[in-house]
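Listed below, chain by chain, are the residues.
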Amino acid sequence: MGDYLLGIDAGNTVIKAVIFDRTGRELAHAGEEGHSRMPCPGHVERDLGELWTNAKQVIRTCLDKAGVAVSDIAAIGCAGHGNGLYALDRDGEPFLGIQSLDTRATSLVDEWAAEGVGDRTYPIARQRPWPSQTPTLLAWLKRHRPEVFKRIGTVFFSKDFVVNRLTGRRVSEVSDMSGAGLLDLAARSYDRTLMDAYGLADCMDLLPPLIESADIAGTITERVAQETGLASGTPVIGGLFDVVASALGSGVSRTGSASIIAGTWSINQVIIDGPDLDGPVFMSSTFDRTRYMAMENSATSAVNLEWLVREFFDGEHAGNLSPFDACCALAATVEPAADDPLYHPYLYGAQQDGHARAGFYGIAGWHSKAHLIRALLEGVAFGHRQHIETIRKAGASFDETVLSGGGSRSRLWPQIFADVLGVPVSVAASRETGALGAAIAAGTGVGLFADFTHGAAAMVRVDREYRPNGALAAHYNRRYALYKDITDAMMPIWRRLSAPENKGTGVAA
C-alpha cells in the first residue's frame with residue numbers, strides 16, 4: 001500500500017489539497033480562493049463549476065509540488081464546510097451552491113420557533129432549525145423558489161460535491177448529515193418523522209445513500225485521473241464535516257477532549273461517548289463510528305478579521321508581515337485597559353438571532369485602529385466563551401483545549417483565547433488541520449490506522465502552548481459581562497434595523 005495520503009478541504013472561501021506522509025509530515029500544499037455571490041441581502045452562494053475547477057487545480061498543483069508517484073497515494077479524504085445547501089439537478093449535474101453564511105431563511109426560523117418546530121426536531125436530531133441549516137434552506141426554497149426546488153435531484157454538502165466529481169458516486173456520510181440536523185442521531189440514519197417536522201417528508205429521495213465517514217465512497221475515475229494527474233482506482237472515503245476533521249487533525253480524539261476552531265465559523269466542540277448530554281447544545285454530530293461531538297457554533301469568528309482586512313487593510317504590510325499578521329501586531333501594542341472599545345462579531349448574525357449585527361462600542365477620541373483591532377480579537381473570543389458556557393451547562397467538562405483555524409496562526413490571538421476562557425490553549429503544528437483530519441480518516445478507511453485515535457497519535461504534533469494570565473482574569477470577566485449586556489440592549493434595535501422595510505438598496509420611506 002502507498003505511503004502517502006491526500007487530504008482535501010473545501011471551505012466556504014478556499015479549497016485546499018495537501019499531501020502527507022504517514023507521520024503527518026506535509027509534502028506539498030495548494031489552495032485556490034473561490035468567489036461568493038450575494039445577489040440579495042442575506043443570500044450567499046457560489047458557482048459549483050468554479051469549485052470543481054479549483055478542486056482539480058489544487059490537486060494537480062499539489063501532485064506536481066510533491067514529486068511522488070501517484071500510485072503511492074494510498075487514499076484520499078475530503079473535508080468541507082457543513083450546512084448550506086449543495087445540490088445536483090435531476091440529471092446529476094452541478095446545480096446549486098448555498099454557503100453556510102446565508103441568512104435568507106431567518107424569517108422562516110422565527111416562524112418555526114413560534115410554532116415549536118424545534119421541539120419536534122431536537123429529540124431526534126439534537127438540533128433546532130437555524131438560518132443556514134440545510135433542511136431550513138431546502139424548506140425555504142420549497143416555499144419561495146418552487147421553480148428551483150423542483151429541479152433539485154440531490155441534496156448534500158460541499159465535500160460531497162467534490163467526492164461526487166472525483167468518483168461519480170452520489171453519496172454522503174454521517175458527520176455532515178448529522179451536523180445538518182438531517183439524521184436520527186442515535187440511530188445514525190435518515191428519519192421520515194424528522195423530515196416531516198421540517199415540512200420535507202416528500203424529499204426523502206433527495207438524500208443520497210449514507211455511509212460512515214471512513215467508509216470508501218468510490219474510486220478515482222479514468223476521466224478525473226486524466227484531468228488531475230491522480231491514479232485511477234485510488235480509494236476516496238466518505239469524508240468529514242470540516243469541524244470534525246479539524247478537531248481530529250489538531251489531535252483531539254479522546255472522549256472529553258475539546259476543540260475550538262477560529263475560522264469562518266466559531267466552532268466549540270467536545271467529544272462525548274453518546275448522543276445525549278444533560279442539557280441542550282446548538283448541534284451534535286458523529287465523530288467516529290461510535291462516538292459523537294457536542295457543538296456550540298455560529299458564523300462569528302475569524303471571518304470578522306477577514307472582513308476588516310479586506311475592507312480597510314488589504315495591501316497594507318508591515319515589513320514582511322501579511323495584512324493579517326500586521327493587524328495582530330498592531331493589536332499587540334495595546335496595553336489592556338478598562339475603557340477599551342468592545343466589539344460584537346455578528347457580521348452574519350448571531351446563533352441566537354439571525355437579525356444581530358456587528359458593531360464597535362465605546363470608542364473615544366484617544367483610541368486608535370490598534371484598539372479597534374484588539375477589540376475585534378477580544379470580541380470574537382467572547383463569542384467563543386459564550387458558546388463554551390452553554391456546552392459546560394449541558395454537562396460536557398474540559399480543562400484545556402486545542403485551537404485551530406486561521407485564528408490559531410496568530411501569536412497574539414491564542415493568548416487572548418487563553419486569557420478570556422481561563423484554560424490552557426495549545427496549537428497543533430499543522431496549519432492545515434482540516435486536510436490532515438481528512439487524511440487521517442482516509443488512512444483509517446484503508447487500514448493504515450486502527451481508528452481515528454491511532455491515526456491522530458501517528459500524524460499530529462503540538463507546536464505551541466499558551467497558559468492564561470491570571471492577572472487579566474478579572475479584567476476579562478468585567479468586559480465579558482459588558483459584552484453580554486450590550487448584546488441584550490441592542491437586540492431589539494437590530495431587529496428593527498433588519499425589518500423588511502429597511503432592506504434593499506433604497507431608503508425606506
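Just so we're clear, the structure is a prediction, and the values are computed from it rather than from any experiment.

Participant: Please explain the overall build of the protein chain as it appears in this structure.
Facilitator: A tally of helices and strands in the protein chain yields 17 helices and 23 strands. For a compact globule of 509 residues, the expected C-alpha radius of gyration is about 23 Å, and the protein chain comes in at 22 Å, within 12% of that figure. With respect to the three principal axes, the spread of C-alpha positions in the protein chain is 65 × 50 × 45 Å. Within the protein chain, buried positions represent 60% of all 509 residues. Computed over 47 positive and 59 negative side-chain charges, the inter-centroid distance for the protein chain is 1 Å.

Participant: Before we go on, may I ask you to explain helix α4 (residues 134–144) in this structure?
Facilitator: Side chains of residues three or four places apart in an α-helix project in the same direction, reflecting 3.6 residues per turn. Most of α4 is tucked away: 8 of the 11 residues are buried. Every buried residue belonging to α4 is among Thr134, Pro135, Thr136, Leu137, Leu138, Ala139, Trp140 and Leu141, and all of these are buried. Against β7 (85–89), β8 (94–98), α2 (106–115), α5 (146–149) and β9 (152–156) lie the buried residues of α4.

Participant: Hey, could you run me through the side chain of His344 in this one?
Facilitator: Assignment of secondary structure puts His344 in strand β19 (residues 342–344). Classification of His344 by relative accessible area gives buried; the value is 1%. Within polar-contact distance, the side chain of His344 engages the backbone oxygen of Tyr483 at 3.0 Å. Contacts of His344, omitting those with residues within four sequence positions, involve Arg357, Ala358, Gly359, Tyr361, Tyr483, Ile486, Thr487 and Trp494.

Participant: Is there a simple way to think about the nonpolar core in this case?
Facilitator: Grouped burial of nonpolar side chains is what soluble globular proteins tend to show. Leu6, Ile8, Leu85, Leu138, Leu166 and Leu230 are the most contacted members of the largest nonpolar core, which has 68 residues in total. Among the elements that take part in this core, helix α1 (residues 48–66) stands out by supplying 9 residues, more than any other. Once residues lying within four places of it in the same chain are set aside, the contact partners of Leu230 are Leu6, Ile59, Leu63, Val70, Ile73, Ile76, Leu166, Ile220 and Ala225. If you look at the next biggest cluster of nonpolar residues, it comprises 48 residues, including Ile373, Leu403, Val425 and Met491.

Participant: Would you mind showing me how to read α2 here?
Facilitator: What α2 keeps buried is the set Thr106, Leu108, Val109 and Trp112. Within α2, the buried residues cover an arc of 155° as seen down the axis, which keeps them to one side. Opposite the packed face of α2, turned more than 90 degrees from it, sit the exposed residues Ala114 and Glu115. Buried residues in α2 make contact with α3 (117–125) and α4. Phi turns positive one or two residues past the end of α2, at Gly116, with a value near 75°.

Participant: What am I meant to see in the packing of aromatic side chains here?
Facilitator: The description of an aromatic ring pair uses the distance of the two centres, along with the angle that the planes make with each other. Applying the stated criterion across every chain, the model contains 12 aromatic pairs. Between Tyr346 and Trp494, the aromatic rings sit 5.5 Å apart at their centres with planes inclined by 85°, giving edge-to-face as the arrangement. Taken together, the positions of Tyr346 in the loop between β19 and β20 (359–361) and Trp494 in helix α17 (residues 473–497) put the pair 148 residues apart, joining distant regions of the chain. With respect to class, Tyr346 is no different from Trp494; both count as buried. A network of ring pairs unites the aromatic residues Phe382, Tyr476, Tyr480 and Tyr483 as a single cluster. Sitting over the ring of Trp140, Arg104 keeps its end group 5.2 Å from the ring centre. Above the face of the Phe398 ring, Arg392 is positioned so that its terminal group lies 4.6 Å from the ring centre.

Participant: What is the right way to read the packing of helix α11 (residues 303–313) against helix α12 (residues 323–331) from this model?
Facilitator: Helix-helix packing is described using two parameters, namely the angle between the two axes and the distance between the axes. Relative orientation of the contacting elements α11 and α12 amounts to 100°, with a least axis distance of 10 Å. Taken together, the axes of α11 and α12 lie roughly perpendicular to each other. Residue-level contacts link Leu305, Glu306, Val309 and Phe313 of α11 to Pro323, Phe324, Cys327 and Cys328 of α12.

Reading the values: rules and limits
Residues numbered from 1 in each chain as written. Predicted model: local features only at pLDDT ≥ 70, side-chain atom pairs only at ≥ 80, totals over all residues. Heavy atoms only, no water. Helix = DSSP H or I, 4+ residues; strand = E, 2+ residues; numbered from the N terminus. Rg over C-alpha atoms; globule rule 2.2 N^0.38 Å. Buried < 20%, exposed > 50% of the residue type's maximum accessible area, 1.4 Å probe, protein only. Lys, Arg positive; Asp, Glu negative; His and termini not counted. Charge placed at Lys NZ, Arg CZ, Asp CG, Glu CD. Contact = heavy atoms within 4.5 Å. Polar contact = N/O pair within 3.5 Å; in protein donor to acceptor, adjacent residues only side chain to side chain. Core = buried A, V, L, I, M, F, W, Y, C linked by side-chain atoms within 4.5 Å. Arc of directions from axis to C-beta. Phe/Tyr/Trp six-rings, centres within 6.5 Å; stacked < 30°, edge-to-face > 60°. Lys NZ or Arg CZ within 6 Å of the ring centre and 35° of its normal. Axes fitted to C-alpha atoms, helices over the stretch in contact; angles between N-to-C directions. Parallel < 35°, antiparallel > 145°, perpendicular 65-115°, else oblique.

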